[in-house]
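A look at the structure
Residues per chain, in single letters:
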Amino acid sequence: MSALAEDSRSPSMAEGSLLAVDGLELRVRVSARRRRFALTVEPDAGLTLHTPEGRPVADAEDFVRAHRSWLVGKIGLREATRPLNPTKRLAEGEVFRYLGRTYRLTLAGDQPTGRRVRLIAGRLVMGEGTAADPDLGRAALVDWYCRAGQKWASGRLQPWAARMAVAEPELDVRDLGSRWGSFRHDGERAGCGRMSLGWPLFQLPMHLVDYVVAHELAHVRVSGHRADFWRLLGQALPEYQERKNELDELGRRMWMGEIA
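This text gives an overview of the structure that appears in the document. (Residues numbered from 1 in each chain as written. Predicted model: local features only at pLDDT ≥ 70, side-chain atom pairs only at ≥ 80, totals over all residues. Heavy atoms only, no water.)

This part takes up the pairing of strand 12 (residues 193–198). Of all 6 residues that make up strand 12, 5 are buried, and the element is covered over most of its length. Both strand 10 (residues 170–174) and strand 12 contribute to a ladder of 5 bridges, which runs parallel. Each bridged residue has a counterpart across the sheet, and for Leu 171 the counterpart in strand 12 is Met 195. Here 5 bridges tie strand 11 (residues 181–185) to strand 12, and the two strands are oriented antiparallel to one another. Considered in strand 12, the bridge of Phe 183 is made with Met 195. (Buried < 20%, exposed > 50% of the residue type's maximum accessible area, 1.4 Å probe, protein only. Helix = DSSP H or I, 4+ residues; strand = E, 2+ residues; numbered from the N terminus. Pairing = 2+ DSSP bridges.)

Now the structure itself:
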């Protein structure tokens, strides 16, 4: 997101300095190759002013003031869509979600399943030794989400594939970073491929997991997100736009694996 202006005069602002203009604070980036000012609203809603060498502070302030309404609008948009992903503790009673329901963590002194997490009587049970190591504890929880998600999604794949009249792909659940799902075609067999679902997806309610499954299945027939992709998805899931909007809002509040 950038705004541009034409070149002007001389003096200078220092690389990395802060410029305060009418309640806005901007980090200054200086470039000898740049000929015009530019503004960037960063993903965290921070502001950056890009300036050529030798431009006076007064010119920069005038440029920022001229684009203040643009900046305020973009800041609001960034704040409204910024991820609010929580940090979790590996402590007794910590809450984790699975398919829209909440489950509390229980630490067991004698955990017969070793480093694996299990869902027992409505509680996620983890060994105290595993919980004592943040890396081991996180890995154990991710492993549980992968196993539980794979089992649940495997039962949903065939009905959705039949509903959309597409070939049923291979399925795995794993870490996809910030993506909820992906689909990769198998070059040797037309129409087949592999669907991957990100483990954090399985914290969301079932109807949103179904949306992602249907979304990725549409890629069996249509690559990319052209009009025919959305048409195919809409035939199987007429309310897909509502579900997409809900996923965008709820998804930014899900735990993505950060341990305190």
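Between two aromatic rings, the relevant description is the distance of the centres plus the angle of the planes. A complete count under the given rule lists 10 aromatic pairs for this structure. For the ring pair Tyr 145 and Trp 199, a centre distance of 5.5 Å and an interplane angle of 35 degrees mean the geometry is tilted. With Tyr 145 in helix 4 (residues 134–164) and Trp 199 in the loop between strand 12 and helix 5 (206–221), this residue pair connects regions lying 54 residues apart in the sequence. With relative accessibility at 0%, the residue Tyr 145 sits in the buried group. Overall, the relative accessible area of 0% leaves Trp 199 in the buried class. Members of the aromatic cluster, connected to one another through ring pairs, are Phe 96, Tyr 98, Trp 144, Tyr 145, Trp 199 and Trp 255. Note that Lys 88 overlies the ring of Phe 96, its terminal NZ or CZ placed 5.4 Å from the centroid. (Phe/Tyr/Trp six-rings, centres within 6.5 Å; stacked < 30°, edge-to-face > 60°. Lys NZ or Arg CZ within 6 Å of the ring centre and 35° of its normal.)

Just geometry here; none of it tells us what the structure is for.
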